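Single-letter residue listing:
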Amino acid sequence: MKPITAILRGSRETSHVSIGQFSNSHLVEKIIVVHDGSLSGSYDKCLLISSGGFSSRQTVRRVLSEVRSTFFLLLTESREVELAQNALERFLSVAHQTEAGIVYADYLEIKAGRKTEHPTIDYQLGSVRDGFDFGPVTLFSMSAVRKALKKYGHVDAVQWGGWYDVRLKTSIDNKVFHIQESLSIKKEPDVRKSGEKLFDYVDPRNQDVQEEMERVFTKHLRNIGAYLKPKFKTLPKSRTSFPAEASVIIPVRNRERTVADAVNSVLSQQTDFPFNVIVVDNHSTDGTTGILQDLAHKHPSVWHLIPSRSDLGIGGCWNEAVLSDHCGKYAVQLDSDDMYSGQETLQRIVETFRGGQFAAVIGSYKLVNMHLQEIPPGVIDHKEWTPDNGRNNALRINGLGAPRAFQTSLLREVLLPNVSYGEDYAVVLRLSREYQIGRIYEPIYLCRRWEGNTDAALSVEQANRNDQYKDRIRTIEILARQRTNRGSPR
């Protein structure tokens, strides 16, 4: 018996090339090609399975029942994927040496005719996103998969989440090993910049998929002892006297083109309570500082702070504002690129706080261009955050919505990590471990997308650093929730 079964997602355009490289390998026992009915004919070593869903329970169960080899190699790409030199030998060698249940590797990527390296990141406890990038080729130990499915249950009744389910269950008791070598080559037709891909997962057209992934993931949290029941602590009474009911916090560096719009959108708010604006100017080198000095001079409710430290990220700037004597009872977010959508935004947020025991309130936003014209996918409401399961599902998704607002007294206890990516995600996860998070599902915020956004055109390396950091945040939070469920002090 040869050690590998190759499992391919077939299409008319790519399968002949992909099948051929496995047919010619002395390490491959069988090739299983799952296709949409577009393939026909016979191929050496090949079993064709016609299916409407590559990741459905029916397909995954059928495919796994056909595997007799020690390992199976999963190719989820429908596009052409080419193996690197001796790639199968390398996968097998590392799998044997590490005794890993799952092995994946870096890859080469061809975009617009140009071949570049595409490194992947190390897998960790918090690498639970269904969109984690394993590259186009992943090797699974069949014995590890069988044991995992026997222990944690066979693949759930899903249409899109079957392989995600297999991966999560296999990862619980087995190592997931990353080979930092490019072992495959894929053609990438999606040449959009990072900022253009950022909101794909919250596109309303993907709602059914997201709800299914949530069900699979929630079961995973139960399996690893990190699931939190919908029971929340009562907010502690604050004895602090605040100078205002709410403070809008705007960290900024070098945003002379947008910061005045942001501040003025706050000044236009109509409320039944006093509020102020705290702008933390992180040592801007363009005209931002002058603009803010002028606004602060004209409007007594605008506080222009310049930190004494020069090592602050966005989270550190937030901490400067929250710990200042100017901060109100509620600390409300506004990015220096963005604007509130109307004069009622701040009132709506505070009324939501008043209506429940919420440590934080998260709103919904609309994507717009610099002319405030709506751009796809439009309104981002994160309706996947439900009162019962939002804080669990939050560990799976990459964002939580905007604007974000916090009880200042609680925020002063936990503070934000001093980073410029994921700082808000980290603190909401931390607070949601104990307290309820309020939600506003109607858009009250305009997220302006333009070439100056910090995430507009990230390199692969920067995107990887961001993803790895958020996975680390998830790892910390999963460990903390496991500890909570064991009855340890929080």
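Residues numbered from 1 in each chain as written. Predicted model: local features only at pLDDT ≥ 70, side-chain atom pairs only at ≥ 80, totals over all residues. Heavy atoms only, no water.

**Topic: the overall build of the protein**
Turning to step 1, where the next piece is worked out: In terms of helices and strands, the protein carries 15 helices and 18 strands.
Turning to step 2, where the next piece is worked out: A compact globule built from 490 residues should have a C-alpha radius of gyration of about 23 Å, and the protein, at 25 Å, falls within 12% of that.
Turning to step 3, where the next piece is worked out: If you line up the protein on its principal axes, its C-alpha atoms span 80 × 50 × 40 Å.
Turning to step 4, where the next piece is worked out: In the protein, once contacts between residues fewer than 6 apart in sequence are set aside, the share between residues at least 24 apart is 79%.
Turning to step 5, where the next piece is worked out: Summed over its atoms, the accessible surface of the protein is roughly 21,600 Å², and 47% of this surface lies on carbon and sulfur atoms.
Turning to step 6, where the next piece is worked out: On the protein, the mean spot of the 63 positive side-chain charges and the mean spot of the 59 negative ones are 7 Å from each other. (Helix = DSSP H or I, 4+ residues; strand = E, 2+ residues; numbered from the N terminus. Rg over C-alpha atoms; globule rule 2.2 N^0.38 Å. Contact = heavy atoms within 4.5 Å. Areas by Shrake-Rupley, 256 points an atom, 1.4 Å probe, with all protein chains shown as cover. Lys, Arg positive; Asp, Glu negative; His and termini not counted. Charge placed at Lys NZ, Arg CZ, Asp CG, Glu CD.)

**Details of the pairing of strand β15 (residues 358–368)**
Residues in a regular strand project their side chains so that they alternate between the two faces of the sheet.
Turning to step 1, where the next piece is worked out: Of all 11 residues making up β15, 10 are buried, and the element is well covered by its neighbours.
Turning to step 2, where the next piece is worked out: As judged from the 9 bridges shared by β15 and strand β18 (residues 436–448), these two strands associate in the parallel manner. Of the residues in β18, the one forming a bridge with Val368 is Arg448.
Turning to step 3, where the next piece is worked out: In this sheet, strand β17 (residues 404–407) lies alongside β15 in antiparallel orientation, the contact comprising 3 bridges. Bridging from a neighbouring strand, Ala360 pairs with Phe406 of β17.
Turning to step 4, where the next piece is worked out: Sheet topology places β15 next to strand β16 (residues 374–380); 3 bridges connect them, and they run antiparallel. Opposite Tyr365, over in β16, you have Ile380 as the bridge partner.
Turning to step 5, where the next piece is worked out: Once β15 ends, the chain turns through 5 residues before running back antiparallel as β16, passing Leu372 with a positive phi of about 65°. (Buried < 20%, exposed > 50% of the residue type's maximum accessible area, 1.4 Å probe, protein only. Pairing = 2+ DSSP bridges.)

**Some remarks on the side chain of Arg167**
Turning to step 1, where the next piece is worked out: Among the structural elements, Arg167 can be located in helix α5 (residues 162–173).
Turning to step 2, where the next piece is worked out: Summary of buried charges: Arg167 has no salt-bridge partner, and the nearest side chain of opposite charge, Asp130, is 6.8 Å away.
Turning to step 3, where the next piece is worked out: In this structure, Arg167 is in contact with Ile102, Tyr123, Ser127, Val128, Arg129, Asp130, Phe132, Phe134 and Phe140, ignoring residues within four places of it in sequence. (Salt bridge = Lys/Arg side-chain N within 4 Å of Asp/Glu carboxyl O.)

**A word on unusual backbone geometry**
Turning to step 1, where the next piece is worked out: Residue Pro376 is joined to Pro377 through a cis peptide bond whose omega torsion reads 0°.
Turning to step 2, where the next piece is worked out: Within the element layout of this structure, Pro377 appears in strand β16.
Turning to step 3, where the next piece is worked out: A cis geometry characterises the amide bond from Ala402 onward to Pro403, with omega recorded as 0°.
Turning to step 4, where the next piece is worked out: Counting through the fold element by element, Pro403 comes out in the loop between α12 (390–393) and β17.
Turning to step 5, where the next piece is worked out: The backbone of Ala112 shows a phi angle near 50°, a positive value even though the residue is not glycine.
Turning to step 6, where the next piece is worked out: Locating Ala112 in the fold gives a position in the loop between β6 (102–111) and β7 (114–118).

**Let's talk about the pattern of salt bridges**
Turning to step 1, where the next piece is worked out: Scanning the model with the defined rule gives 25 salt bridges in all.
Turning to step 2, where the next piece is worked out: Salt-bridge contacts for Arg129 lead to Asp471; the nearest nitrogen and oxygen are separated by 3.0 Å. Of the two residues, Arg129 is situated in the loop between β7 and β8 (138–141) and Asp471 in helix α15 (residues 460–485); the sequence distance between them amounts to 342 residues.
Turning to step 3, where the next piece is worked out: Two residues, Lys298 and Asp294, come together in a salt bridge whose shortest N-O distance is 3.2 Å. Residue Lys298 and its partner Asp294 are both found in helix α9 (residues 288–298); the two are separated by 4 residues, about one turn of the helix.
Turning to step 4, where the next piece is worked out: Residue classification places Lys298 among the exposed positions, given a relative accessible area of 54%.
Turning to step 5, where the next piece is worked out: The exposure class of Asp294 is partly exposed, given its relative accessible area of 36%.
Turning to step 6, where the next piece is worked out: Overlapping salt bridges bring together Lys30, Arg62 and Glu66 as one network.

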